[in-house]
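Listed below, chain by chain, are the residues.
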Amino acid sequence: DERKARLRNSRLRAGQAVVQAVQAAAVKPKVVIQSSGIGHYGFRDDKLLTEDDPPGADFLARLTVDWENSTAPVTQYGTRHVSIRSAVVLSPDEGALKRLILPFKLFAGGPLGGGKQGFPWIHPADEVAAIRFLIENEAAHGPFNLVAPEALTLGEFGVRLARVMGRPYWLPVPAFALRGALGEVASTVLEGQKAAPKKLLDLGFKFKYPTAEAALRDLIGR
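A few points on the structure.

Thresholds applied
- Residues numbered from 1 in each chain as written.
- Predicted model: local features only at pLDDT ≥ 70, side-chain atom pairs only at ≥ 80, totals over all residues.
- Heavy atoms only, no water.
- Phe/Tyr/Trp six-rings, centres within 6.5 Å; stacked < 30°, edge-to-face > 60°.
- Helix = DSSP H or I, 4+ residues; strand = E, 2+ residues; numbered from the N terminus.
- Buried < 20%, exposed > 50% of the residue type's maximum accessible area, 1.4 Å probe, protein only.
- Expected span 1.5 Å × (residues − 1).
- Pairing = 2+ DSSP bridges.
- Polar contact = N/O pair within 3.5 Å; in protein donor to acceptor, adjacent residues only side chain to side chain.
- Salt bridge = Lys/Arg side-chain N within 4 Å of Asp/Glu carboxyl O.
- Core = buried A, V, L, I, M, F, W, Y, C linked by side-chain atoms within 4.5 Å.
- Contact = heavy atoms within 4.5 Å.
- Axes fitted to C-alpha atoms, helices over the stretch in contact; angles between N-to-C directions.
- Parallel < 35°, antiparallel > 145°, perpendicular 65-115°, else oblique.
- Left-handed = near helix turned anticlockwise from the far one by under 90°.
- Nonpolar A, V, L, I, M, F, W, Y, C, P; charged D, E, K, R; others polar.

### Some thoughts on the packing of aromatic side chains
Right, so step 1: In this structure the tally under the stated criterion is four aromatic pairs.
Right, so step 2: For the ring pair F104 and Y169, a centre distance of 6.2 Å and an interplane angle of 10° mean the geometry is stacked. Of the two residues, F104 is situated in helix α3 (residues 95-105) and Y169 in the loop between α5 (154-165) and α6 (175-182); the sequence distance between them amounts to 65 residues.
Right, so step 3: On the basis of relative accessibility, which here comes to 4%, the residue F104 falls in the buried class.
Right, so step 4: The class for Y169 is partly exposed, based on a relative accessible area of 28%.
Right, so step 5: On the numbers, 4.7 Å between centres and 50° between planes, the contact of F119 with F157 is tilted.

Put into C-alpha cells, the structure is as follows:
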C-alpha cells in the first residue's frame, strides 16, 4: 500500500507540475505528450482492445486514468494533449525481453502460467517514430495505443522468440510458482491484454517492425 501511494503521488504531482508550467509559460507549447501505459485497460484476454474501450478496474488501470487526467487541463491553454499508452518496449538489454531471453539461453524456455495471456509489445524504433509522428501531426488528439499491429499471447510470443534464438520451447512455469515468487506483481505476468494501434493506423502511421519475429530478429541479431 505504501509503494502504491508513492507511485500515485509521483505521477499526479508530476502531472500537476506540467500543467502549472504550461499555465505560466508566456509562449504556450503546441503539444503535451502524456506517457501512459497499455495497462490502462486492465487485464483482459476477451477481446482486441482499442482506444475506444473503457479502462480496467485494477490498481494500474486506475493509476493510468488519474495520471492521464492530471495533464489534460493543458487543453484549456490551447495546448494539444496526447496520451501514449505504450506496450512492452522490447530491449534485449533491459525490461521484459531481457528476462524472457534468459531461460531460452539456458534451454529452459516455455510458457509462463499457461501462455494464453495477451502480450502487447512494440519495437523501440517504432515507439520513438510513433511519438515523433504524434508530436508533428496536429490531427493527433487524445489517447493512442503504442503497440505493434500483431496481437499475440505470451505463448505465441515465446514460440517466436524460441525460433529466432534457435532454442526449444518446452518447460512451463506454473502460475502458482510465479505467484509464490512475485506475489501481487505476478498479475503483470500471468494476466494481460491484446491491444490494437487503431488510431495510429487510421492517421497513416507505418510500422517498421509490425511482426514479433521481424522485431526479434533485428534486436537479438545485433
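### Topic: α5
Right, so step 1: The end-to-end C-alpha distance of α5 is 16 Å, a good match for the 16 Å that twelve residues give at a rise of 1.5 Å each.
Right, so step 2: Of all the positions in α5, only L154, G155, F157, G158, L161, A162, V164 and M165 are classed as buried.
Right, so step 3: Immediately beyond the C-terminal end of α5, within one or two residues, lies G166, with a positive phi of roughly 70°.

### A word on the pairing of strand β1 (residues 31-37)
Right, so step 1: Burial runs high along β1: five of the seven residues are buried.
Right, so step 2: Judged from the seven bridges that link them, β1 and strand β3 (residues 80-86) form a sheet pairing that is parallel. In the strand pairing of β3, V31 is matched with R80.

### Comments concerning the environment of E136
Right, so step 1: With respect to the helices and strands, the residue E136 is situated in helix α4 (residues 124-136).
Right, so step 2: Considering only alpha carbons, one finds E136 and K199, 63 residues apart in sequence, at a separation of 15 Å.
Right, so step 3: Within polar-contact distance, the side chain of E136 engages the side chain of R132 at 2.8 Å.

### Describing the pattern of salt bridges
Where charged atoms from two side chains of opposite charge come close, those side chains can pair.
Right, so step 1: In the structure shown here, the tally under the stated rule is nine salt bridges.
Right, so step 2: Between D53 and K47 there is a salt bridge; the shortest N-O distance is 2.7 Å.
Right, so step 3: Accessibility expressed as a relative area gives 37% for K47, which makes it partly exposed.
Right, so step 4: Beyond isolated ion pairs, a larger network of salt bridges with shared partners links R163, E213 and R217.

### Brief notes about the nonpolar core
Right, so step 1: L90, L97, L100, W121, F157, L161 and L216 are the most contacted members of the largest nonpolar core, which has 21 residues in total.
Right, so step 2: With six residues, α5 is the largest single contributor of residues to this core.
Right, so step 3: Not counting chain neighbours up to four residues away, the residues in contact with L100 comprise L112, F119, L154, F157 and L161.
Right, so step 4: Among the nonpolar cores identified, the runner-up in size contains 13 residues, and A130, F133, L134 and A140 belong to it.

### Concerning the packing of α3 against α5
The description of two helices packed together rests on the angle between their axes and the distance between the axes.
Right, so step 1: Relative to each other, α3 and α5 sit at 60°, their axes nearing to 11 Å. Overall, the two elements α3 and α5 adopt an arrangement that is oblique. The handedness of the crossing between α3 and α5 is right-handed. Packed against α3, whose contacting residues are L97, L100, I101, F104 and K105, the element α5 presents L154, F157, G158, L161, A162 and M165 at the interface.
Right, so step 2: Residues of the contact of α3 with α5, tallied by class, amount to nine nonpolar, one polar and one charged.

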